[in-house]
Amino acid sequence: MAAFESNRDFVSGENPLNATRLPALLPPRQQEYASPRRLASVFTRKRETVDAQSELMSALVPLTQLMAAAKSSTPPSGADPPAPKTLSPAPPKPKRKRIRLKTERRREQCRNNQARYRDRQRGIVRELEQSVQHLEQEIQGLTTRRHTLRYGAQTTQTKHNVWNVVVEYFRLLRYGFLMPFCGMDPNVAAASSSDAEPHDQEFFLRAAMADDVGVGELAGVDALIEQWKRYSSCFGSLHLKLKRLEQQPLGNVVATATLSLTITEATLRYVFPHLLALEGSQSHSEDLGRASPLYARLLRERLECPCTVRFMWDDSTGRVTRLDTAIDFLSPLLRALGSLEDVSYVLGEARITPACLIGEIQI
């Protein structure tokens, strides 16, 4: 009855199927005997078949999942099986140190070992000292050979002429005589160290100047070197710049240059000592009252002094026989102080001679 009602609903529903299409749902032999009752039974059997298939598939899904999980957890056939876990052995017990008794024999062995060690160390130190002395002697010999080849007597006749000597003189001494604690600016010292060395300067002066070369009222190469040392020690940031060369009769050459220098405390102490206002002094009160402001005004003052250097040349020996230097301190001091009276007072008692030589420095 239920099948019939469903068949009736199937046929008489709101959207009934086309009657001409219903026989196509039956097998070919039953299409000619198709009726609504038969069609209802066919649909009932198909629905039961679909429900059975869905139940079977729902039961197979967990089984397939289990098989996939087992397959992923199973190692490949070529892989080695995992090694069984073993318990780690217990850590070894620390060995007890053997305590040696300080017997007399052991003490003697220790003393001998220490003595041998000290002997080896002394031997290493002696070898290092000997190596250093050997290297110093080798360096000194090579330096002497270099200066001999560069400024030696063999090259005097071929290389030295008045023009080469003048140019080399201003090149090597353009920052003064290189010596420690000469008040030179560190930047200037670094720039000059690449161009000249103290040995180069001294070797050049001894090779290019005559042994009795005249320097103002003085004579000798040692006097010339001493004057350069005093200028480099008393003044700061010395810079000698060549401007022009003029040739005169008898092979003499006059060089025009500019000497730049800075007045430091050493300058005021050794070259202009009368500018120092001594505390506690009761004499010369008028001079002391004027000395203090001049001291403060000249300290760290940069002076640009025009100068001329006259080289008297001897062709027979290929050396300079006389060197006359004239430095104009008046013009830069007048620009700095602005008064001829103050300039006269500063230069009146200065330890600089008319030949521009610095007197003995009293320390």
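This one's a predicted model, so the numbers in the text were calculated from it and none came from an experiment.

1. Structural notes on the sheet that holds strand S2 (residues 218-219)
- Pairing is mixed in the open sheet, where 6 strands are placed in the order S2-S1-S6-S5-S4-S3. Of all strands in the sheet, those with a lone pairing partner are S2 and strand S3 (235-247), marking the two edges.
- By the bridge criterion, 2 bridges tie strand S1 (residues 209-215) to S2 in an arrangement that is antiparallel. Within the sheet, the bridge partner assigned to Val215 lies in S2 and is Leu218.
- Against the sheet, helix H11 (residues 330-337) contacts strand S4 (253-263) and strand S5 (302-314), and its axis sits at roughly 180 degrees relative to S5.

2. A few points about the UniProt feature "coiled-coil region" (unreviewed entry) in the protein chain
- Residues given the UniProt feature "coiled-coil region" (unreviewed entry) here are residues 118-145.
- Split by type, residues 118-145 is 100% helix and 0% strand. Its first and last C-alpha atoms lie 41 Å apart.

3. Some details on the environment of Arg310
- Here Arg310 shows up in strand S5.
- For Arg310, a relative accessible area of 29% gives the class partly exposed.
- Separated by 10 residues in sequence, Arg310 and Val320 have C-alpha atoms that sit 10.0 Å apart.
- The residues touching Arg310, leaving out its near neighbours within four places in the chain, are Gln248, Asn252, Val253, Val254, Arg322, Leu323 and Asp324.

4. Re the confidence of the model for the protein chain
- Per-residue pLDDT for the protein chain averages 75, and the proportion of residues at 70 or more is 61%.
- The low-confidence segment residues 154-158 (pLDDT under 50) makes 8 contacts with residues lying over four places distant or belonging to another chain.
- Counted against residues more than four places away or in other chains, residues 181-195, with its pLDDT under 50, gives 17 contacts.

5. Quick look at the pattern of salt bridges
- In total, this model carries 12 salt bridges according to the counting rule given.
- The residue Arg319 makes a salt bridge to Asp211 at a minimum N-O spacing of 3.7 Å. Pair noted here: Arg319 is in strand S6 (residues 319-327) and Asp211 is in strand S1, with a separation of 108 residues, a long-range link.
- We classify Arg319 as partly exposed; its relative accessible area is 22%.
- We note a salt bridge from Glu226 to Arg230, for which the minimum N-O separation is 3.3 Å. Residue Glu226 and its partner Arg230 are both found in helix H8 (residues 221-234); the two are separated by 4 residues, about one turn of the helix.
- Classification of Glu226 as partly exposed rests on a relative accessible area of 35%.
- For Arg230, a relative accessible area of 11% translates into the label buried.
- Within the structure, one salt-bridge network assembled from shared partners comprises Glu104, Arg107, Glu108 and Arg111.

6. Focus on the packing of aromatic side chains
- Counted under the stated rule, the structure contains 6 aromatic pairs.
- Residues Tyr169 and Phe170 carry aromatic rings whose centres are separated by 5.6 Å and whose planes lie at 80 degrees to one another, so their mutual orientation is edge-to-face.
- A ring pair is formed by Phe235 and Phe329, whose centres lie 6.5 Å apart and whose planes are at 20 degrees; its orientation type is stacked. Separated by 94 residues along the polypeptide, Phe235 in strand S3 and Phe329 in the loop between S6 and H11 bring together distant segments of the chain.
- Given the relative accessible area of 2%, Phe235 is considered buried.
- Through pairs of rings, three or more aromatic residues link up here, namely Tyr169, Phe170, Trp228 and Phe311.
- It is Arg269 that lies over the ring of Tyr270; its NZ or CZ is 5.9 Å from the centre.

7. Structural notes on H8
- Here H8 is 14 residues long and its end C-alpha atoms lie 20 Å apart, about the 20 Å a rise of 1.5 Å per residue gives.
- Of all 14 residues making up H8, 10 are buried, and the element is well covered by its neighbours.

8. Concerning the packing of H11 against helix H12 (residues 340-348)
- Two elements in contact, H11 and H12, have axes whose closest approach is 9 Å; the angle formed by their N-to-C orientations is 125 degrees. In terms of orientation, H11 lies oblique with respect to H12. Both H11 and H12 take part in a crossing whose hand is right-handed. Within the contact between the two elements, H11 uses Leu330, Leu333, Leu334 and Leu337 and H12 uses Leu340, Asp342, Val343, Val346 and Leu347.
- Across the contact of H11 with H12, the residue classes break down as 8 nonpolar, no polar and 1 charged.

9. Remarks on the nonpolar core
- Counting 58 residues, the largest nonpolar core has Tyr169, Phe170, Leu205, Tyr231, Phe235, Phe311 and Phe329 as its most contacted members.
- Setting aside its immediate chain neighbours within four residues, Tyr231 contacts Leu238, Ile327, Phe329, Ile352, Cys356, Leu357 and Ile358.

10. Structural notes on the pairing of S6
- The pairing of S1 with S6 spans 2 bridges and is classified as parallel. Across the sheet, residue Met209 finds its bridge partner in S6, namely Val320.
- In this sheet, S6 lies alongside S5 in antiparallel orientation, the contact comprising 8 bridges. Note that in S6 the partner of Asp314 across the bridge is Arg319.

Here is what the cut-offs are and how they apply
Residues numbered from 1 in each chain as written. Predicted model: local features only at pLDDT ≥ 70, side-chain atom pairs only at ≥ 80, totals over all residues. Heavy atoms only, no water. Pairing = 2+ DSSP bridges. Helix = DSSP H or I, 4+ residues; strand = E, 2+ residues; numbered from the N terminus. Contact = heavy atoms within 4.5 Å. Axes fitted to C-alpha atoms, helices over the stretch in contact; angles between N-to-C directions. UniProt positions renumbered as here; feature names shortened; annotations may be inferred. Buried < 20%, exposed > 50% of the residue type's maximum accessible area, 1.4 Å probe, protein only. pLDDT = per-residue confidence, 0-100. Salt bridge = Lys/Arg side-chain N within 4 Å of Asp/Glu carboxyl O. Phe/Tyr/Trp six-rings, centres within 6.5 Å; stacked < 30°, edge-to-face > 60°. Lys NZ or Arg CZ within 6 Å of the ring centre and 35° of its normal. Expected span 1.5 Å × (residues − 1). Parallel < 35°, antiparallel > 145°, perpendicular 65-115°, else oblique. Left-handed = near helix turned anticlockwise from the far one by under 90°. Nonpolar A, V, L, I, M, F, W, Y, C, P; charged D, E, K, R; others polar. Core = buried A, V, L, I, M, F, W, Y, C linked by side-chain atoms within 4.5 Å.

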